[in-house]
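# A structural walkthrough
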Amino acid sequence: MPLKTFDEYVALAERAHGHICAGQILGLRLALYGLKLLELDDPLGKHRKRLVTFIEIDRCATDAIPVVTGCRLGKRALKFRDFGKVAATFCDLEADRAVRVVAREDAKQRAREMFPEIEDKNAQQMRAYREMPDAALFRVQWVRVRLGPEEFPGYHAPRVACAECGESISFKREVVREGRVLCRACAGERYYESLSP
Ligand SMILES: [Zn+2]
Ligand SMILES: [Zn+2]
């Protein structure tokens, strides 16, 4: 299962995301560039277990990335770090190297200059982002991602129970406060308020 054509990816991204938009084109290009830099050309086949992707934003482009890499949240191969940046880091676990690819802020301006005759911004960017060279769309940074084995697919360890709410916690997500094992919600990171008695 080597890489598909760009148009095939566009069709898959449209299906996954619900519509096609400049963000999909950008996300596809970003993921393809990441794989190219890592020299991985079979992410759904023989390189399937080598790749982990970190994504730094939850926007349109985000949905296009797993279409190319096959990295999914439910497989623990897609990691979301909410930094509000159109950027992703592609980690090759086998070669032990990682590259962070960041969308360039001036790409929109470049799109305007390339296709001034296209009035619709989304259409203008979709067209330009297909054609622009990688270096005009993205900035590249080789990085080291230091993560414990509990972050990766295939990690197995017993679950522990929170001393406060009793719910089970996987993957070493528990915290210890004054000798008590707590879930992150009970330790103060709760994002919801309970309305049940
Ligand atoms: Zn979209
Ligand atoms: Zn708890």
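Preceding block: the structure.
Residues numbered from 1 in each chain as written. Chains lettered and ligands numbered in written order. Predicted model: local features only at pLDDT ≥ 70, side-chain atom pairs only at ≥ 80, totals over all residues. Heavy atoms only, no water.

## Describing the coordination of the zinc ion (ligand 2)
The protein atoms donating to the zinc ion (ligand 2) are Cys162 (SG), Cys165 (SG), Cys183 (SG) and Cys186 (SG), with metal-donor distances spanning 2.3 to 2.4 Å. Classification of the site at the zinc ion (ligand 2) as tetrahedral follows from its four donor atoms and the range of 101 to 115 degrees in their angles at the metal. If you list the donors of the zinc ion (ligand 2) from N- to C-terminus, the spacing comes out as C-x2-C-x17-C-x2-C. (Donors = N, O, S within 2.8 Å, 3.2 Å for Na, K, Ca; no water. Tetrahedral: all angles 85-135°; square planar, octahedral: opposite > 155°, others 65-115°.)

## Remarks on the packing of helix H1 (residues 6–17) against helix H2 (residues 22–38)
Across the interface, H1 lies against H2 with an axial gap of 10 Å and an inter-helix angle of 125 degrees. When the interaxial angle is binned, H1 and H2 end up oblique. Pair H1 / H2 crosses with right-handed handedness. Residue-level inspection shows Phe6, Tyr9, Val10, Ala13 and His17 of H1 in contact with H2, the latter providing Gln24, Ile25, Leu28, Arg29 and Leu32. (Axes fitted to C-alpha atoms, helices over the stretch in contact; angles between N-to-C directions. Helix = DSSP H or I, 4+ residues; strand = E, 2+ residues; numbered from the N terminus. Parallel < 35°, antiparallel > 145°, perpendicular 65-115°, else oblique. Left-handed = near helix turned anticlockwise from the far one by under 90°. Contact = heavy atoms within 4.5 Å.)

## Observations concerning the sheet that holds strand S1 (residues 51–55)
The five strands are arranged S2-S1-S3-S4-S5 in an open sheet whose pairing can be described as mixed. The open sheet is flanked by strand S2 (78–80) and strand S5 (138–143), the only strands paired with a single partner. Averaged over all neighbouring strand pairs, the angle between strand axes comes to 20 degrees, with direction disregarded. Looking at chain direction, S1 and strand S3 (residues 87–92) are connected through five bridges and run antiparallel. Bridging across to S3, Thr53 finds its partner in Phe90. Where H2 meets the sheet, its contacts fall on S1, S3, strand S4 (97–103) and S5, and the angle it forms with S4 comes to roughly 150 degrees. Against the sheet, helix H3 (residues 60–69) makes contact with S1, S2 and S3, and its axis sits at roughly 175 degrees relative to S1, the strand it touches most. (Pairing = 2+ DSSP bridges.)

## A look at the pattern of salt bridges
Think of it this way: side chains of opposite charge can pair up when their charged atoms draw near. Overall, the coordinates contain 13 salt bridges when judged by the stated rule. A salt bridge links Asp134 to Arg29; its shortest N-O distance comes to 2.9 Å. In this pair, Asp134 sits in helix H6 (residues 134–137) while Arg29 sits in helix H2, placing the two residues 105 residues apart along the sequence. What makes Asp134 buried here is its relative accessible area of 14%. On the basis of relative accessible area, Arg29 is assigned to the buried category, the value being 11%. Between Asp106 and Arg104 there is a salt bridge, with the nearest N and O atoms lying 3.1 Å from each other. Beyond isolated ion pairs, a larger network of salt bridges with shared partners links Arg29, Lys36 and Asp134. (Salt bridge = Lys/Arg side-chain N within 4 Å of Asp/Glu carboxyl O. Buried < 20%, exposed > 50% of the residue type's maximum accessible area, 1.4 Å probe, protein only.)

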